[in-house]
Amino acid sequence: MAIEIKVPEMGESVTEATISAWTKKEGDAVKVDEVLAILETDKVSLEIPAPTSGVLKSISKKVGDVVHVRDIMGTIEEGAVASAPASSTVQAPKAETPNAQPNTGKVNEELPPAARKLIEENKLDISKITGTGRNGQITKEDVILFMEKGGAAGAPKVATSPEIPKAVVVSANAGPRETVVPMTKLRQTIANRLVSAQHTAAILTTFNEVDMSPIMDLRNKYKDKFKETHGVGLGFMSLFTKAVVAALKAYPAINAEIRGTDIVYKNFYDIGVAVGGPKGLVVPIVRNADLLSFAGVEQEIARLAGKVKDGKISLEDMEGGTFSISNGGVYGSMMSTPILNPPQSGILGMHNIVKRAVVVNDQIVIRPMMYLALSYDHRIVDGKEAVQFLVKIKEMVEDPTRLLFEV
C-alpha cells in the first residue's frame, strides 16, 4: 500500500517552504520516523520524517521546489523491501587534480543524513570540517560553509548538489571566480523584512555609553556562587534584560506597536534576544521576562541558544516579542545602528567593552566602557522618551542595586 508523504502544518502564518534536500532516493529502504527530506521555511528548517517503514516509491517534489501545506512530496510503499543493486562493485572515481582529497570512505553514521549525503557526494575530507552542532557534530550548514570557503576545491568533482551550483572556472590557474548559492527562505525573509522595516518605520537611533565597572565587579564577585546555586553562568544578558524591562515600564511607548491607525500598548514583556546560529541571526523570545529572576532569564537564554546552535529552534520560540536586544559586542562591534524587528518599536544594541580614559570626579581614570544604541520608531516614540529610556538603562547598569529595589 502506498503511503503519501505530505508537507505538514508549519506554524501560524507559514504556508510554504522550499525543499532544500532529500536524504533518500527512489527505491531506498526507509524506516518509520527516519528523516526523508529537509524543508527551509522563512523562519526555520523542518525535517520531514517517514510516516511508515518500507521503500521510497516515488518523489514528486524535487530539491528547489516550493511546496505548500498538505502538498504531496512523494510516496512510500509500506512494508516493501528494497531490491539489491545490480552490481556491488563500485568503481572509485579517478582523481582529476594532484591536490584532490582522498576518498574518506563511509562517513560517520552519526552525522545528520543531509550532512552525510553532501560529504559523500562531494568526497570531502571530514577531518577538515569544523562541527558547530551539539558535542561538535557536523551539520549540513557546516558542510555548505566548508564548501563555500573553498574546502571542496581539491575534491574529485565540484559539488553537484542543487544547493551548491557548479562554479565557473575562467582559467586553469585562476580557480573559481564566483560561487552562486541560492538564498534560503530564511535569508530571503530576513532581507524582505529589513527592507520593509526601512520603508514603513521612521527609524532613528540614539546613543549613550555606560561604565561597566560596577556590573563587572558584581559579576566577578558572585558568578561562582551563582553557577553553583543555579546551574547556569551569570552573564551580562540577564542584567541588561532586567534593566530593559524596568525601562520599558517607565516608557511604555517603546514597548508598543502601531496596528493600523491604533497604538497598542503591551502590558507584558517578551524580550527577543538575538542569537547567532548556523543559518544566521535569529531572535528567540524570553517570555514574561518581568516575572523571571536573574537565574530564570539566564536559564531561558541558555536553553534557547542551545536550540539555535543545534538547529532545533521552533517557530513558537520566535513568534511575538515586544522588544529586542542585539549584542554585537560578542563579535567585536564598537558601535552600530540596529534595525527594528517589526512590528516592534525599539531595539537595544550592545557593543564591545573597551577600556578607555574617562573623567570621574574631575580625575582621568581607565574604565571598561560600552556604547549602547537604541533604534526606535519615531512615529510613536519621541526623541525625548528614547533618550530618557537609554539613560534609565545606563543608570541601572552603573548602579545595579537599582534593579533590586526597582528604582
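The UniProt entry for the protein chain carries this comment under Pathway (unreviewed entry): "Amino-acid degradation; L-lysine degradation via saccharopine pathway; glutaryl-CoA from L-lysine: step 6/6."

Engineer: Lay out the pattern of salt bridges in plain terms, naming residues and giving numbers.
Structural biologist: A side chain with one charge may pair with a side chain of the opposite charge, provided their charged atoms come close. Per the counting criterion, the structure on display carries 15 salt bridges. In this structure, the salt-bridge partner of E257 is K266, at a minimum N-O distance of 2.7 Å. The same class applies to E257 as to K266, namely buried. What you see here is one network of salt bridges that share partners, running through E257, R259 and K266.

Engineer: Which residues make up the environment of A17, and what are the values?
Structural biologist: Here A17 shows up in strand β2 (residues 16-22). Separated by 21 residues in the primary sequence, A17 and I38 place their C-alpha atoms 9.7 Å from one another. Each residue touching A17, except ones within four places of it in the same chain, is listed here: M10, L39, E40, T41, D65, V66 and V67.

Engineer: Give me the lowdown on the packing of aromatic side chains, citing residues and values where you can.
Structural biologist: For any pair of aromatic rings, geometry is given as the distance between the ring centres together with the angle between the planes. Under the criterion given, the structure shown has one aromatic pair. On the basis of an interplanar angle of 50° and a centroid distance of 5.6 Å, the ring pair of F323 and F389 is categorised as tilted. Taken as a pair, F323 in strand β18 (residues 323-327) and F389 in helix α8 (residues 383-398) lie far apart in primary sequence, 66 residues in all. Of the two residues, F323 and F389, neither departs from the other in class, the shared state being buried. The ring of F236 is capped by R219, whose NZ or CZ atom sits 5.3 Å from the centre of that ring.

Engineer: Could you give an account of the packing of helix α5 (residues 236-250) against α8, naming the residues involved and the relevant values?
Structural biologist: Following both chains from N to C, one finds α5 and α8 inclined at 135°, their axes separated by 9 Å at the closest point. Here α5 is positioned oblique relative to α8, judged by the angle of their axes. As α5 runs across α8, the sense of the crossing is right-handed. When α5 is examined against α8, the residues F240, A243, V244, A246, A247 and L248 are found in contact with a partner set consisting of F389, K392, I393, M396 and V397. By residue class, the composition of the contact of α5 with α8 is ten nonpolar, no polar and one charged.

Engineer: Mind laying out α5, listing which residues take part and the relevant values?
Structural biologist: The end-to-end C-alpha separation of α5 is 21 Å, in line with the 21 Å expected for 15 residues at 1.5 Å each. Of all 15 residues in α5, eleven are buried; the element is thus mostly enclosed. Within the sequence span of α5, burial applies to M237, S238, L239, F240, T241, K242, A243, V244, V245, A247 and L248.

Rules used throughout
- Residues numbered from 1 in each chain as written.
- Predicted model: local features only at pLDDT ≥ 70, side-chain atom pairs only at ≥ 80, totals over all residues.
- Heavy atoms only, no water.
- UniProt positions renumbered as here; feature names shortened; annotations may be inferred.
- Salt bridge = Lys/Arg side-chain N within 4 Å of Asp/Glu carboxyl O.
- Buried < 20%, exposed > 50% of the residue type's maximum accessible area, 1.4 Å probe, protein only.
- Helix = DSSP H or I, 4+ residues; strand = E, 2+ residues; numbered from the N terminus.
- Contact = heavy atoms within 4.5 Å.
- Phe/Tyr/Trp six-rings, centres within 6.5 Å; stacked < 30°, edge-to-face > 60°.
- Lys NZ or Arg CZ within 6 Å of the ring centre and 35° of its normal.
- Axes fitted to C-alpha atoms, helices over the stretch in contact; angles between N-to-C directions.
- Parallel < 35°, antiparallel > 145°, perpendicular 65-115°, else oblique.
- Left-handed = near helix turned anticlockwise from the far one by under 90°.
- Nonpolar A, V, L, I, M, F, W, Y, C, P; charged D, E, K, R; others polar.
- Expected span 1.5 Å × (residues − 1).

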